[in-house]
Amino acid sequence: MPKLRILKPILKPLSCALTIALVTTTMPPVAAQTNSYHINCQTMISLSQGARLTYRISGSLPETTAAETPQNPIGTSMTLTVQWRDQNGRVQTLLNGSLLRNYEQLAPDADYSQLPFEGTFRGQPNNGDRLYGTPASVHGLYVSLRSTSRQAQQMQIVHYVRPNEYVRSTIGTCQTENDDLDAAIDEQLAVLQEQLQAGDWAAADRETRRLLAPESALLPPFDPALVQPELIRAVDQMWLTASNRRFGLSVQLRFWQEALAAHPNNREAAVNVFRDRVGWKLASPRTGVDFISSDWLNESELTYSLQAPEGHLPWAGVSDEVVRSVAVPPPEVHCGSCTVDAMQLRNERFYTYIPQLMERVESSLSLPTY
């Protein structure tokens, strides 16, 4: 690879297998200019032995297209935070709000196509549009944003950890913030707020599942496009407030992180530890014959009161009525595997959905607010 400009602040090595070429620095973001919109982006890089790097970007971008803003005039209003999580779940912040700069300004003579981004994220030889770098990297840390419908929707990171040795992130998503979205979220949250204030834990639990996983409850559909970090943060805060911090997504996230730290290489074991901690495991065998249920509690067996274990609500399962609709389809529907499908929906879904949900919660709670 051709030699790229190397930016050289002091390197602080970490006591881990991979030396991360970063120094911690905090710089306040520049105030957003007019005709701009806020974005929050996240992506990650999985490393050996269960470790990972997480990259979060927040700031402002112009509403105009790249062709109308060839010099990235407000690129300096974006900041980057980088966290390292080791195989035991310990987290270290490597960069905290470090300023991102337009790469054309950092390296005006570089061949931008030589940065090893993938596909549409790769720059053109003489065009560094929507390419950014941070001066807080010794060997180079680069960000590529790519636009859809006039706004940046995805990003990718290339991070040089040593000269000529880099790691590349998965494609990350960017969430935009606007008044219409906030109004739509507020409207949907009004029902949940009323239920929690009334202490109707069962109804609030079903409504929360409708908001976060619409397929898990037989309620009016919810637009999945509204499942944004703002929504997740608001739902969590409502549960925390109503339960005096006994229930909520952030409470569950804490227990999930402890379970992951105990079983970093066994996701199923971590899910089981989490299940036991929040009280979702069946305490004693059921008396009736039940071929569909497992040792996980069903919806009707949950404890909908403040006497429930910490983190017991909101539940991450599928409503009983949804399971029954799969197990016992209408008479005109012939299904040879309906019972098996219901068993998988009720039991195996936990092992897929809980890690995904906790990852979304962690991402949402870590993003800055405005």
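Since this is a predicted model, take the numbers as computed values, not measurements.

1. What about the overall build of the chain?
Then step 1. Within the chain, the regular secondary structure consists of eight helices and ten strands.
Then step 2. Among the 370 residues that make up the chain, the fraction classed as buried is 50%.
Then step 3. A sequence separation of at least 24 residues applies to 60% of the contacts in the chain between residues at least 6 apart.
Then step 4. Taken as a whole, the chain presents about 17600 Å² of accessible surface, with 50% of it coming from carbon and sulfur.

2. Remarks on the side chain of Ser319
Then step 1. Along the chain, Ser319 turns up in the loop between α6 (267-277) and α7 (320-327).
Then step 2. There is a polar contact of 2.6 Å between the side chain of Ser319 and the side chain of Arg209.
Then step 3. Separated by 3.4 Å, the side chains of Ser319 and Glu299 make a polar contact.

3. Overview of the pattern of salt bridges
Then step 1. Summed over the entire model, instances satisfying the criterion amount to eleven salt bridges.
Then step 2. Between Arg168 and Glu118 there is a salt bridge, with the nearest N and O atoms lying 3.5 Å from each other. Within this pair, whereas Arg168 is found in strand β9 (residues 165-168), its partner Glu118 is found in the loop between α1 (103-106) and β6 (131-133), the two being separated by 50 residues in sequence.
Then step 3. Glu299 is the partner of Arg209 in a salt bridge, and the nearest nitrogen-oxygen pair spans 2.9 Å. Of this pair, Arg209 sits in helix α3 (residues 201-212) while Glu299 sits in the loop between α6 and α7; the two residues are 90 residues apart in sequence, bridging distant segments of the chain.
Then step 4. Residue Glu299 is classed as buried on the basis of its relative accessible area of 10%.
Then step 5. A single salt-bridge network, built from bridges that share partners, covers Arg52, Arg85 and Glu362.

4. Re the nonpolar core
Then step 1. In terms of nonpolar packing, the biggest core is built from 41 residues, with Leu192, Trp239, Trp280 and Ile354 touching the most fellow members.
Then step 2. Among the secondary structure elements, those contributing two or more residues to this core are α2 (179-197), α3, α4 (229-242), α5 (249-262), α6 and α8 (338-366).
Then step 3. Counting residues in each nonpolar core, the second largest holds 27 residues, with Met78, Leu95, Met155 and Cys174 among its members.

5. Quick notes on α5
Then step 1. Between the first and last C-alpha of α5 there are 20 Å, a value that for 14 residues agrees with the 20 Å anticipated at 1.5 Å per step.
Then step 2. Of the residues making up α5, those classed as buried are Leu249, Val251, Gln252, Leu253, Phe255, Trp256 and Ala259.

6. Details of the packing of α3 against α4
Then step 1. Two numbers describe how α3 lies on α4: the axes approach to 11 Å, and their chain directions differ by 170 degrees. Relative to α4, the element α3 lies roughly antiparallel. For the pair α3 and α4, contact is made by Trp201, Ala204, Asp205, Thr208, Leu211 and Leu212 and by Leu231, Ile232, Val235, Trp239 and Ala242, respectively.
Then step 2. Taken together, the residues of the contact of α3 with α4 sort by class into nine nonpolar, one polar and one charged.

7. Details of unusual backbone geometry
Then step 1. Residue Pro314 follows Leu313 across a cis peptide bond; omega there is 0 degrees.
Then step 2. Relative to the elements of secondary structure, Pro314 occurs in the loop between α6 and α7.
Then step 3. If you check the backbone angles, Asn164 has positive phi at about 65 degrees while not being a glycine.
Then step 4. Within the secondary structure layout, Asn164 lies in the loop between β8 (151-162) and β9.
Then step 5. Its relative accessible area of 67% is what places Asn164 among the exposed residues.
Then step 6. At Asn244, a residue that is not glycine, the phi angle is positive and equals roughly 55 degrees.
Then step 7. With respect to the helices and strands, the residue Asn244 is situated in the loop between α4 and α5.

8. Points about the environment of Arg101
Then step 1. Structurally, the position occupied by Arg101 is in strand β5 (residues 101-102).
Then step 2. Judged by relative accessible area, Arg101 falls into the partly exposed class, the value being 33%.
Then step 3. Sequence separation of Arg101 and Pro135 is 34 residues, and the distance between their C-alpha atoms is 7.9 Å.

9. Some points on α4
Then step 1. Here α4 is 14 residues long and its end C-alpha atoms lie 20 Å apart, about the 20 Å a rise of 1.5 Å per residue gives.
Then step 2. Every buried residue of α4 is accounted for by Pro229, Glu230, Leu231, Ile232, Arg233, Val235, Asp236, Met238, Trp239 and Leu240.
Then step 3. Where α4 terminates, the next one or two residues include Asn244, which has phi positive at roughly 55 degrees.

10. Let's talk about the packing of aromatic side chains
Ring pairs (aromatic) are described by centroid distance and by the angle formed between their planes.
Then step 1. Following the criterion strictly, the structure yields twelve aromatic pairs and no others.
Then step 2. A ring pair is formed by Tyr103 and Tyr112, whose centres lie 5.6 Å apart and whose planes are at 75 degrees; its orientation type is edge-to-face.
Then step 3. Judged by its relative accessible area of 3%, Tyr112 is buried.
Then step 4. Ring geometry for Phe274 against Trp280: centres 5.6 Å apart, planes inclined by 85 degrees, an arrangement best described as edge-to-face. Here Phe274 matches Trp280 in class, with each residue buried.
Then step 5. Ring-pair connections join several aromatic residues into one group, and the members of that group are Tyr103, Tyr112, Tyr142, Tyr160 and Tyr166.
Then step 6. The residue whose ring lies beneath Arg275 is Trp296, and the NZ or CZ to ring-centre distance is 5.3 Å.
Then step 7. When the ring centre of Phe255 is taken as reference, the NZ or CZ atom of Arg277 above it lies at 3.9 Å.

Criteria and cut-off values
- Residues numbered from 1 in each chain as written.
- Predicted model: local features only at pLDDT ≥ 70, side-chain atom pairs only at ≥ 80, totals over all residues.
- Heavy atoms only, no water.
- Helix = DSSP H or I, 4+ residues; strand = E, 2+ residues; numbered from the N terminus.
- Buried < 20%, exposed > 50% of the residue type's maximum accessible area, 1.4 Å probe, protein only.
- Contact = heavy atoms within 4.5 Å.
- Areas by Shrake-Rupley, 256 points an atom, 1.4 Å probe, with all protein chains shown as cover.
- Polar contact = N/O pair within 3.5 Å; in protein donor to acceptor, adjacent residues only side chain to side chain.
- Salt bridge = Lys/Arg side-chain N within 4 Å of Asp/Glu carboxyl O.
- Core = buried A, V, L, I, M, F, W, Y, C linked by side-chain atoms within 4.5 Å.
- Expected span 1.5 Å × (residues − 1).
- Axes fitted to C-alpha atoms, helices over the stretch in contact; angles between N-to-C directions.
- Parallel < 35°, antiparallel > 145°, perpendicular 65-115°, else oblique.
- Nonpolar A, V, L, I, M, F, W, Y, C, P; charged D, E, K, R; others polar.
- Phe/Tyr/Trp six-rings, centres within 6.5 Å; stacked < 30°, edge-to-face > 60°.
- Lys NZ or Arg CZ within 6 Å of the ring centre and 35° of its normal.

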